[in-house]
Amino acid sequence: MILPPDASTQNIRTGMERVILQGLDLNNIHKSFGEKKVLAGVSFEVRHGEILALLGPSGCGKSTLLSIIAGLLEADSGQVIWNSSSLENVPPYQRRFGLMFQDLALFPHLSVEKNIAFGLEMDGWGETGIENRVQEMLELINLPAEKIRDVSTLSGGEKQRIALARTLAPMPELLMLDEPLGATDRTLREALLLDLRLILEKLDQTVIYVTHDQEEAFAIADRVVILEAGNIRQIGTPREVYQHPSSTFVARFLGLHNLFKAEPSAQHIIHTDLGEIPFPSGLKKPAVVLLRPDSVQTGTTGPVTLEGELTACSFRGSICRTTIRINKQTLLFDFPISTDLPDPGNRIQISFNPSTALQVFYED
Ligand code: ADP
Ligand code: MG
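Here goes a summary of the coordinates provided. (Residues numbered from 1 in each chain as written. Chains lettered and ligands numbered in written order. Predicted model: local features only at pLDDT ≥ 70, side-chain atom pairs only at ≥ 80, totals over all residues. Heavy atoms only, no water.)

1. Regarding the nonpolar core
Phase 1 of the analysis: By size, the foremost hydrophobic cluster in this structure holds 43 residues, and its most contacted members are Val-112, Ile-116, Ile-162, Leu-164, Leu-177 and Tyr-209.
Phase 2 of the analysis: If we ignore the near neighbours within four places in the chain, the residues touching Val-112 are Leu-138, Leu-143, Ile-148, Arg-149, Val-151, Leu-154 and Ile-162. (Core = buried A, V, L, I, M, F, W, Y, C linked by side-chain atoms within 4.5 Å. Buried < 20%, exposed > 50% of the residue type's maximum accessible area, 1.4 Å probe, protein only. Contact = heavy atoms within 4.5 Å.)

Below, the structure written as structure tokens:
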């Protein structure tokens, strides 16, 4: 599965033309540990300059895949191809890939500069070269001179940036970040994500960003690969996968929880746990239907109105997370805080356009 020239010669973010075929191409990677199948035929491409997020729940095989790409672990079968050449028999240090682990793995007994210089010394950079490159990296991560202290006294965010600088210093052709923000709190995480995205864009760096957090993946990635139990479930831009999840697994994983059973009733009507709903395109057979939370409003202005009981409302800053019980189904919606909502325990009406708000999944 080599990239066709027209697909790979363009940097998808900048639109800049590239002359050579560049990027990573994973072809049908399988890996088991004993009886346990961890990767079941994984194939995707990462184009030059692209930030690709590998997104999936804990234990789905993300770190295993990174180890295989880095050459630290051998696949049972399948190929890792870089710039059109197979990496079989190419040892990790010759791949020129950088892998940053979740625990950051900084050396606590070394200074910040020594930490950043680590890979450069391994690669045999000269003294002046190292000094200049370390300086460049410190500027890149925007760490002021007065902050350059003992590694153990730095904050979580500073450690994260230094680990990034250390991984970037030897100019890896592919940067792999394994849950780099795993341990930081939400506010810091958002700031770090923005910083990280700006740094990576400035460098035109090719990146695989591993995370189990959908918001993180959406914020940073040009494209997202969704992995479940060693199988790819969907590949697309954040917008594509959020607007058209390919399965109920993907929908749930992306936080789209309003899924309910439906079956054909009369023509253009479906029978659901919420009641009879007009549905212009109809259903071919019993299905699971997603009611998209972003396409529902309170009141009766849409073509279809449903009534239920507002069971809870929790304040989340700019939105109110609301649960509404309709028949035996509980639905979840995030309404803007400005929405006029009744108190919990009272009736509420919601309305939507079924053509855009309902999405059908035919699954066994
Ligand atoms: P993720 O990074 O998505 O959380 P991993 O790739 O770390 O998942 O692990 C996937 C599965 O493989 C898990 O069930 C894990 O326990 C198992 N696993 C990972 N490494 C090994 C190993 N060296 N030996 C045996 N099982 C492993
Ligand atoms: Mg992992």
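2. A short note on the site of ligand 1
Phase 1 of the analysis: Around ligand 1 sit Phe-33, Lys-36, Val-38, Pro-57, Ser-58, Gly-59, Cys-60, Gly-61, Lys-62, Ser-63 and Thr-64, and those are all the residues in its vicinity.
Phase 2 of the analysis: Ser-63 is positioned such that a nitrogen or oxygen atom in its side chain is 2.9 Å from an oxygen atom of ligand 1.
Phase 3 of the analysis: Thr-64 places a side-chain nitrogen or oxygen 2.5 Å from an oxygen atom of ligand 1.
Phase 4 of the analysis: For ligand 1, whose unbound accessible area comes to 560 Å², protein coverage reaches 58%. (Near = heavy atom within 4 Å. Polar contact = N/O pair within 3.5 Å; in protein donor to acceptor, adjacent residues only side chain to side chain. Areas by Shrake-Rupley, 256 points an atom, 1.4 Å probe, with all protein chains shown as cover.)

3. Here we look at the layout of surface pockets
Phase 1 of the analysis: Estimated volume of the largest pocket: approximately 740 Å³.
Phase 2 of the analysis: In terms of lining residues, the largest pocket is bounded by 24 residues, among which Phe-97, Gly-98, Leu-99, Gly-119 and Pro-170 are the most central.
Phase 3 of the analysis: Listed by contribution, the elements that provide at least two residues to the lining of the largest pocket are α3 (92-95), β6 (97-100), α4 (112-122) and α6 (156-168).
Phase 4 of the analysis: When residues in the lining of the largest pocket are grouped by element, the largest group, four residues, is from β6.
Phase 5 of the analysis: Tallied by class, residues from the lining of the largest pocket come to 17 nonpolar, three polar and four charged.
Phase 6 of the analysis: Lining the second largest pocket are 16 residues, with Glu-215, Leu-254, Gly-255, Arg-321 and Asp-334 sitting closest to its centre.
Phase 7 of the analysis: For the lining of the second largest pocket, the class distribution of residues is six nonpolar, four polar and six charged.
Phase 8 of the analysis: No fewer than three residues from each of domain 1 (7-252) and domain 2 (257-361) sit in the lining of the second largest pocket. (1 Å grid on protein atoms, 1.4 Å probe; cavity = no way out; pocket = protein on both sides within 12 Å on 5 of 7 lines; lining within 4 Å. Points joined across faces, edges and corners; volume = space filled by probe spheres on them. Helix = DSSP H or I, 4+ residues; strand = E, 2+ residues; numbered from the N terminus. Nonpolar A, V, L, I, M, F, W, Y, C, P; charged D, E, K, R; others polar. Domains from an automatic or database assignment.)

4. Structural notes on the packing of α6 against helix α7 (residues 186-203)
Phase 1 of the analysis: Running from N to C, α6 and α7 cross one another at 20°; their axes reach a closest spacing of 11 Å. Put simply, α6 runs roughly parallel to α7. Two packed elements cross with a definite hand, and for α6 against α7 that hand is right-handed. Within the contact between the two elements, α6 uses Gly-157, Gln-160, Arg-161, Leu-164 and Leu-168 and α7 uses Leu-188, Leu-192, Leu-196, Ile-199 and Leu-203.
Phase 2 of the analysis: Residue composition of the contact of α6 with α7, grouped by class: seven nonpolar, two polar and one charged. (Axes fitted to C-alpha atoms, helices over the stretch in contact; angles between N-to-C directions. Parallel < 35°, antiparallel > 145°, perpendicular 65-115°, else oblique. Left-handed = near helix turned anticlockwise from the far one by under 90°.)

5. A closer look at the sheet that holds strand β13 (residues 275-278)
Phase 1 of the analysis: The five strands are arranged β13-β12-β11-β14-β20 in an open sheet whose pairing can be described as antiparallel. In this open sheet, the two edge strands, each paired with only one partner strand, are β13 and β20 (358-361). Averaged over all adjacent pairs, the angle separating strand axes in this sheet is 40°, with direction ignored.
Phase 2 of the analysis: When strand β11 (residues 259-264) meets strand β12 (residues 269-272), the two strands line up antiparallel, connected through three bridges. Across the sheet, residue Pro-264 finds its bridge partner in β12, namely Ile-270. (Pairing = 2+ DSSP bridges.)

6. Some remarks on the state of the cysteines
Phase 1 of the analysis: Tallied over the entire structure, the rule returns one disulfide.
Phase 2 of the analysis: Disulfide pairing places Cys-313 opposite Cys-320 at an S-S distance of 2.2 Å. Across the S-S bond of Cys-313 and Cys-320 the torsion is about 115°, and the bridge reads as right-handed. (Disulfide = S-S within 2.5 Å.)

7. Concerning the packing of α4 against α6
Phase 1 of the analysis: At a minimum axis distance of 6 Å, the contact between α4 and α6 shows a crossing angle of 30°. Here α4 runs over α6; the crossing is right-handed. Where α4 abuts α6, its residues Val-112, Asn-115, Ile-116 and Phe-118 lie against Ile-162, Ala-165 and Arg-166.
Phase 2 of the analysis: Along the lines of polarity and charge, the residues of the contact of α4 with α6 split into five nonpolar, one polar and one charged.

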